[in-house]
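A structural walkthrough
One letter stands for each residue in the lines below.
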2 protein chains.
Amino acid sequence: MLKGHLDAVLLATIGDEALHGYAIIEAIRARSGGHFDLPEGTIYPALHRLELAGLLASRWVQPDGGRKRRVYALTDSGRQSLIERRAGWQSFASGIDRVLGARA
Amino acid sequence: MLKGHLDAVLLATIGDEALHGYAIIEAIRARSGGHFDLPEGTIYPALHRLELAGLLASRWVQPDGGRKRRVYALTDSGRQSLIERRAGWQSFASGIDRVLGARA
DNA sequence: GTTAAAGCCTAGTGTTGCTAGGTATAACTT
DNA sequence: AAGTTATACCTAGCAACACTAGGCTTTAAC
């Protein structure tokens, strides 16, 4: 559904906040105006992949109420990668726009 | 490289012109400002897939000079599908824009 | 005490588009 | 004439991606 742009979406959604997986799903749904409603089977493996790639760092947090959560934050290379991916998206989108003749 | 939008790009590139595969590659390269340079291994199977799906129709043409070409044109459902895919792309792109906080 | 919500996870799978080859004809170079 | 480049088509196999469809645990609500 996110067509190869999932990583950029995850990095941008986390931003400076340090969110856990479930909250990331809700944040994406909210920020996209309900457009993207990602299943857990999509985001959890992706978070693991991004952590393995060194773009995210996770820690377990025990909140006052509720159960333990795994919370993700951007690393330095994660921040760097987000900048690059944002630029990559804009370049990609303007390329498609040109070919489709939309939003020229 | 086209992240799931290849079909829309192909349909839009062909448009009303009836192009053959090789010309489609060049047209995409030109219209995207050199951004998309698709290998043949990408577009030929995609054209076959779109023809099988009834969105394209092909015929062999023997030009005055040069070798035989297989020329593709949109069918009625191809035209319909292009309209839908264009709308789909705009909706998708604005969703990503919102999440990435770019081109808001 | 049972159901629903919050929260995490994985195995398996289908789609997609790429790599890396192969074939053939025409045009241009040397 | 021979070799190279450009034109033009094709396929098998593969890797990435994200989805389906499950499973597990804990807390809140009824």
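In case you missed it, the structure is sitting above this.
In short, a report on the structure. (Residues numbered from 1 in each chain as written. Chains lettered and ligands numbered in written order. Predicted model: local features only at pLDDT ≥ 70, side-chain atom pairs only at ≥ 80, totals over all residues. Heavy atoms only, no water.)

1. Let's talk about the sheet that holds strand β1 (residues 19-20) of chain B
All names here are of chain B. Taken together, three strands build an open sheet; the order of strands is β1-β3-β2 and the sheet is antiparallel. Sheet topology places β1 and β2 (56-61) at the edges, where each strand pairs with a single neighbour. Sheet analysis places β1 next to strand β3 (residues 69-74), joined by two bridges and oriented antiparallel. What sits directly across from H20, in β3, is V71. (Pairing = 2+ DSSP bridges. Helix = DSSP H or I, 4+ residues; strand = E, 2+ residues; numbered from the N terminus.)

2. Notes on the protein's contact with DNA strand C
As a structural note, the neighbourhood of DNA strand C is formed by 24 residues, with E40, R67, R69 and R70 of chain A together with T42 of chain B the closest of them. If you look at DNA strand C and keep only atoms within 4 Å of the protein, 59% of those are sugar or phosphate atoms. Within the backbone of G41 of chain B, a nitrogen or oxygen atom sits 3.4 Å from a base nitrogen of DNA strand C. The set of elements that each furnish at least two residues to the surface near DNA strand C consists of α2 (21-31), α3 (40-52) and β3 (69-74) of chain A together with α3 (40-52) of chain B. Here the residues of the surface near DNA strand C sort into nine nonpolar, nine polar and six charged. (Near = heavy atom within 4 Å. Polar contact = N/O pair within 3.5 Å; in protein donor to acceptor, adjacent residues only side chain to side chain. Nonpolar A, V, L, I, M, F, W, Y, C, P; charged D, E, K, R; others polar.)

3. Things to note about α3 of chain A
Residue and element names in this part refer to chain A. Helix length check: α3 (13 residues) gives 18 Å between terminal C-alpha atoms against 18 Å at 1.5 Å per residue, within 8%. Where α3 is concerned, the buried positions are I43, A46, L47 and L50. When α3 is viewed along its axis, its buried side chains cluster within an angular range of 105° and face the same direction. Projecting away from the buried face of α3 at angles above 90 degrees are the exposed residues G41 and L52. (Expected span 1.5 Å × (residues − 1). Buried < 20%, exposed > 50% of the residue type's maximum accessible area, 1.4 Å probe, protein only. Arc of directions from axis to C-beta.)

4. A word on the sheet that holds strand β2 (residues 56-61) of chain A
All names here are of chain A. Strand order in this open sheet of three strands is β1-β3-β2, and the pairing throughout is antiparallel. Of all strands in the sheet, those with a lone pairing partner are β1 (19-20) and β2, marking the two edges. Sheet topology places β2 next to β3; six bridges connect them, and they run antiparallel. Across the sheet, the residue bridging to L56 is L74, located in β3. Most of the contacts of helix α1 (residues 6-14) go to β3, to which it runs at about 95°, and overall it touches β1, β2 and β3. (Contact = heavy atoms within 4.5 Å. Axes fitted to C-alpha atoms, helices over the stretch in contact; angles between N-to-C directions.)

5. Notes on the packing of aromatic side chains
Scanning the model with the defined rule gives seven aromatic pairs over all chains in all. Aromatic side chains W89 of chain A and F92 of chain A sit 6.1 Å apart centroid to centroid with 40° between the ring planes, which places their arrangement in the tilted category. Linking W89 of chain A with F92 of chain A, this pair stays in helix α4 (residues 76-100), spanning three residues, or about one helical turn. For the pair formed by W89 of chain A and F92 of chain A, the shared burial category is buried. The side chain of K3 of chain A reaches across the aromatic face of F92 of chain B, ending 5.3 Å from its centre. The lysine or arginine in question, K68 of chain B, covers the ring of W60 of chain B, its NZ or CZ lying 5.5 Å from the ring centre. (Phe/Tyr/Trp six-rings, centres within 6.5 Å; stacked < 30°, edge-to-face > 60°. Lys NZ or Arg CZ within 6 Å of the ring centre and 35° of its normal.)

6. Some points on the nonpolar core
By size, the foremost hydrophobic cluster in this structure holds 62 residues, and its most contacted members are W89 of chain A together with W89 of chain B. In contact with W89 of chain B, not counting residues within four places along its chain, are W89, F92, A93, I96, D97 and L100 of chain A together with H5 of chain B. (Core = buried A, V, L, I, M, F, W, Y, C linked by side-chain atoms within 4.5 Å.)

7. What to know about the pattern of salt bridges
Residue and element names in this part refer to chain A. What the rule picks out here adds up to ten salt bridges over all chains. Residues D7 and R85 are paired through a salt bridge, measuring 3.7 Å at the closest nitrogen-oxygen approach. On the criterion of sequence distance, the pair formed by D7 in helix α1 and R85 in helix α4 is long-range, its members being 78 residues apart. For R85, a relative accessible area of 30% translates into the label partly exposed. Measuring nitrogen to oxygen at the nearest pair gives 3.1 Å for the salt bridge that ties R70 to E51. Residue R70 is found in strand β3, and its partner E51 is found in helix α3; the two are separated by 19 residues along the sequence. By relative accessible area, R70 is classed as partly exposed at 28%. For E51, a relative accessible area of 23% gives the class partly exposed. One salt-bridge network, held together by shared partners, links D7, R49 and R85. (Salt bridge = Lys/Arg side-chain N within 4 Å of Asp/Glu carboxyl O.)

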